[in-house]
Amino acid sequence: MSSSAARYRALSARDARQDPDHDSDHNDTVSLNESSETVGGNGQLSWLGRATQRVAFWPPPTTGVKSSPLEQDLVRRLDIFLMTFGCISQAHRYLDQTNISSAYVSGMKEDLELYGDELNYFTTFFSISYCLMLIPSQVIITYVRPSYWLPGLEIGWGFVTAFIAFTQNARQVYALRVLLGLFESSAWPGMMTLFMYWYTPMELAKRMGFYHSCQALGSMMSGALQVAILETLEGTWGLRGWRWLFIINGIMTLAIGLAGFFMIPDYPKLPNPGAFWLSADHAAMATVRLDRHGRSDTKRITWDSAKRTFSMWIAYFIPALYIATVLAPYGYNYFNLFLKSLKNPDGTPTWTTEEVNAIPIAGGAINIVCVWIWAILSDVFQTRWTLVVAQAIIGLIPCTIMSVWTSHPDTTPLSSAYASYLMTYLSLGTAPLVMSWLSELLPQDSEARTLIIGYSIAGVYAVLSWSQVLIWPASQAPYYAYAWQLSIVFWLLVIVMCIALRIAERKLKRPRAHSALLNEDDTSATYRDIPES
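As the structure is a computational prediction, the values presented were derived from the model and not from experiment. (Residues numbered from 1 in each chain as written. Predicted model: local features only at pLDDT ≥ 70, side-chain atom pairs only at ≥ 80, totals over all residues. Heavy atoms only, no water.)

Participant: Teacher, can you tell me more about the pattern of salt bridges here?
Facilitator: Side-chain pairs of opposite charge can arise whenever the charged atoms involved come near each other. Scanning the model with the defined rule gives 16 salt bridges in all. E505 serves as the salt-bridge partner of R502, at 3.0 Å between the closest nitrogen and oxygen. Pair noted here: R502 and E505 are both in helix α20 (residues 483–519), with a separation of three residues, about one helical turn. Accessibility expressed as a relative area gives 1% for E505, which makes it buried. Within the structure, one salt-bridge network assembled from shared partners comprises E71, E203, R289 and R292. (Salt bridge = Lys/Arg side-chain N within 4 Å of Asp/Glu carboxyl O. Helix = DSSP H or I, 4+ residues; strand = E, 2+ residues; numbered from the N terminus. Buried < 20%, exposed > 50% of the residue type's maximum accessible area, 1.4 Å probe, protein only.)

Below, the structure is given as structure tokens:
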């Protein structure tokens, strides 16, 4: 019997002794008592228990298994600490990535004499280093505690971000963008990997969606922060406003990195001793939740597990699908270049610099709301593929309109271009669904899941390192030669791949469901149905 199972039985027995109305027929449900940190000696909730009871993103879902007070408290604490750190970190990570675009349209282009495709090359250098470090970082995170590795990287990229403020030419920016890519490489895939260990299938997509939506929050913050800086700090201490953007962003990132040392819980079977909010009973409950849903805990990635993963067809299919979902709506990243390019009949800019930074905030707001909606629907209806296909169908509409507008801008209303850019934000909620789908396809293979997440993100940045220069060159903005047409192709590919994966999944689940009925143990006796995706 494992230590977690032994702790489970001991706590369940204690619960039975303390509860005179305890029904022995409910032994197949989780009935753990509150831990000593949550319940005081008089049976009342402690201050931390009361605080976490009041604050949570949403109540734990109904799963068919009786949810104990300890389990509910665990989910609340994960939401308050792990999710809070992840979301704030994600917002600032994306702020770090997108503020280069905000700075570009706010004076950086003129100050550093960036009159070619330097903006594209900033992304290229970042993407190359990000791609090269990502998979090694996913391996390292199985050997080094995430509570050390992830905050350490965050502190590193905070310093690098601040240093960009003092660059004098494009070459210096290129060098710092390479370092930024190295430090940021493990943030998104590392957090997605942790979510798979701590949240159940009925909870996972919502949390991933909430986390992923903070990308849009970071983009919104970049525009809003640049507007505020231009109005308040422009010229202060002899520095342009766009330079202050990097300084302030870097300081904020350093503070977040320091908080990560105690807000990240590490793994259920290897909890972070510095996480004051996570008791031994909470960790034991997390392990029980893994067992109940047929999930395995973390294992170190070895050459054998890497070779096994390389031999899986899904190790190539999921990354290809994920890459297609990222490339298809990629035009939204250049909404501000579209706005900056517009001119009045007299040749003056249609929008001021502040407005060019502020208007895309509306798109970010649309993105956040839609990502939440897609993720919540996914968990409520326990389906992934249908909602990815729905987003692909929606995404085809603006891509088709923009394909016409870029070819015939004089005869196509400009309002259709505005509407298309904003509509593109509706289909940016695919990533949480694809990653949740991966978690369900490989519930027992944590090493493969960790590596495939790495492959997926590395694949995206590998493709972006060269494709965006060719497909979305800044010198062509906003009349791209064939970018929107390629987006149509990618969305159609997403639809075909989702249908194919769904067919393969149904074939895989039949033997797995039969095996689960035969082999389930008494700690997971009520978990009999493999959720439909």
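Participant: How should unusual backbone geometry be read in this particular structure?
Facilitator: Both trends apply: most residues other than glycine have a negative phi, and most peptide bonds are in trans. The omega torsion of the bond from A477 to P478 falls at 0°, within 30 degrees of zero and hence cis. Tracing the sequence through the fold places P478 in the loop between α19 (446–471) and α20. If you check the backbone angles, D266 has positive phi at about 65° while not being a glycine. Topologically, D266 is positioned in strand β1 (residues 266–267).

Participant: So what exactly am I meant to see when it comes to the packing of helix α12 (residues 314–327) against helix α18 (residues 430–441) here?
Facilitator: The packing of two helices is summarised by the inter-axis angle and the distance between the axes. Relative to each other, α12 and α18 sit at 170°, their axes nearing to 10 Å. In terms of orientation, α12 lies roughly antiparallel with respect to α18. On the side of α12, the interface is formed by I314, I318, L321, Y322 and T325, while α18 contributes T430, A431, V434, M435, W437, L438 and L441. Its residues assigned to classes, the contact of α12 with α18 comprises ten nonpolar, two polar and no charged. (Axes fitted to C-alpha atoms, helices over the stretch in contact; angles between N-to-C directions. Parallel < 35°, antiparallel > 145°, perpendicular 65-115°, else oblique. Contact = heavy atoms within 4.5 Å. Nonpolar A, V, L, I, M, F, W, Y, C, P; charged D, E, K, R; others polar.)

Participant: Explanation requested: the packing of aromatic side chains in the structure shown.
Facilitator: Think of a pair of aromatic rings as described by two things: how far the centres are apart, and how the planes are tilted against each other in angle. Taken as a whole and assessed by the stated rule, the structure comprises 32 aromatic pairs. With 6.2 Å between their ring centres and 90° between their planes, W242 and F246 make a pair best called edge-to-face. Taken together, the residues span about one helical turn, with W242 and F246 both in helix α9 (residues 241–263) at a distance of four residues. As far as burial versus exposure is concerned, W242 and F246 are alike and both buried. Note on W405 and Y479: the rings are 5.2 Å apart at their centroids and 20° apart in plane angle, and the pair reads as stacked. With W405 in helix α16 (residues 385–407) and Y479 in the loop between α19 and α20, the pair connects residues that are 74 residues apart, well separated along the chain. Residue W405 is classed as buried on the basis of its relative accessible area, which comes to 2%. Look at Y479 and you get partly exposed, because its relative accessible area is 41%. In textbook terms, an aromatic cluster arises when at least three aromatic residues are bridged by ring pairs, as seen for Y330, Y334, F335, F338, W351, W405, Y418, Y421, W472, Y479, Y480 and W484. (Phe/Tyr/Trp six-rings, centres within 6.5 Å; stacked < 30°, edge-to-face > 60°.)

Participant: Whenever I open this one, helix α6 (residues 170–184) confuses me. Can you help?
Facilitator: In an α-helix, one turn spans 3.6 residues; hence positions three or four apart end up facing the same way. The terminal C-alpha atoms of α6 lie 21 Å apart, and with 15 residues this matches the ideal 21 Å at 1.5 Å per residue to within 8%. Residues A170, V173, Y174, L176, R177, L180, G181 and E184 constitute the buried set of α6. Where α6 is buried, its residues touch α3 (69–111), α4 (118–140), α5 (146–163) and α7 (187–198). Capping of α6 at its N-terminal end is provided by N169; its side-chain oxygen lies 3.1 Å from the backbone amide nitrogen of R171. (Expected span 1.5 Å × (residues − 1). Polar contact = N/O pair within 3.5 Å; in protein donor to acceptor, adjacent residues only side chain to side chain.)

Participant: Would you explain the environment of I251 in this entry?
Facilitator: Tracing the backbone through its elements, the reader meets I251 in helix α9. For I251, a relative accessible area of 56% translates into the label exposed. Spatially, the C-alpha atom of I251 lies 6.5 Å from that of G158, the residues being 93 residues apart in sequence.

Participant: Please clarify how the packing of α4 against α7 should be interpreted in this entry.
Facilitator: In contact at an axis separation of 9 Å, α4 and α7 are set at 30° when each is read in the N-to-C sense. Classified by the interaxial angle, the pair formed by α4 and α7 is roughly parallel. The way α4 lies across α7 gives a crossing that is right-handed. Here α4 contributes Y130, L134 and Q138 to the contact with α7, which in turn contributes W188, P189, G190 and T193. (Left-handed = near helix turned anticlockwise from the far one by under 90°.)

Participant: Can you help me understand empty space enclosed by the protein in this one?
Facilitator: Using a probe with the size of a water molecule, rolled over the atoms, empty space left in the structure can be pinpointed. The final tally for this structure, using the stated rule, is five cavities of 30 Å³ or more. If you add up the space inside the largest cavity, you get close to 930 Å³. If you go around the largest cavity, you meet 48 residues; those closest to its centre are Y94, T98, Y330, Y332 and N333. Of the residues assigned to the lining of the largest cavity, the class counts are 25 nonpolar, 21 polar and two charged. (1 Å grid on protein atoms, 1.4 Å probe; cavity = no way out; pocket = protein on both sides within 12 Å on 5 of 7 lines; lining within 4 Å. Points joined across faces, edges and corners; volume = space filled by probe spheres on them.)

Participant: Teacher, can you tell me more about the environment of I452 here?
Facilitator: Tracing the chain through its elements places I452 in helix α19. Separated by 263 residues in the primary sequence, I452 and P189 have C-alpha atoms spaced 9.7 Å apart. The contacts of I452, once residues within four sequence positions are left out, are T309, I314, A315, I318, P319, L438 and L442.

Participant: Looking at this model, I keep getting lost on the environment of I453. Mind explaining?
Facilitator: Examined against the element boundaries, I453 turns out to sit in helix α19. Once residues lying within four places of it in the same chain are set aside, the contact partners of I453 are Q138, P189, M192, T193, M196, M435 and L438.

Participant: Just to check I follow, could you spell out the side chain of E447 for this structure?
Facilitator: Following the sequence through the fold, E447 ends up in helix α19. For E447, a relative accessible area of 10% corresponds to the buried category. Leaving out residues up to four positions away in the same chain, E447 has contacts with K299, R300, I301, S305 and R308.

Participant: Where do I start with a nonpolar patch on the surface in this structure?
Facilitator: Judged by side-chain polarity, V369, W372, I373, I376, L377, V380 and F381 come together as a nonpolar surface patch covering roughly 630 Å² of accessible area. The class of V380 is exposed, set by a relative accessible area of 55%. (Patch = residues over 30% accessible without salt bridge, like charges linked within 9 Å, V, L, I, M, F, W, Y side chains within 5 Å. Areas by Shrake-Rupley, 256 points an atom, 1.4 Å probe, with all protein chains shown as cover.)

Participant: Could you clarify how one ought to interpret the side chain of N249 in this entry?
Facilitator: By secondary structure assignment, the location of N249 is in helix α9. When its relative accessible area of 0% is taken as the criterion, N249 is described as buried.

Participant: Can you walk me through helix α17 (residues 414–424) in this structure?
Facilitator: Every buried residue of α17 is accounted for by S416, A417, S420, Y421 and T424. On an axial view of α17, the arc spanned by its buried residues comes to 135°, and they lie on one face. (Arc of directions from axis to C-beta.)

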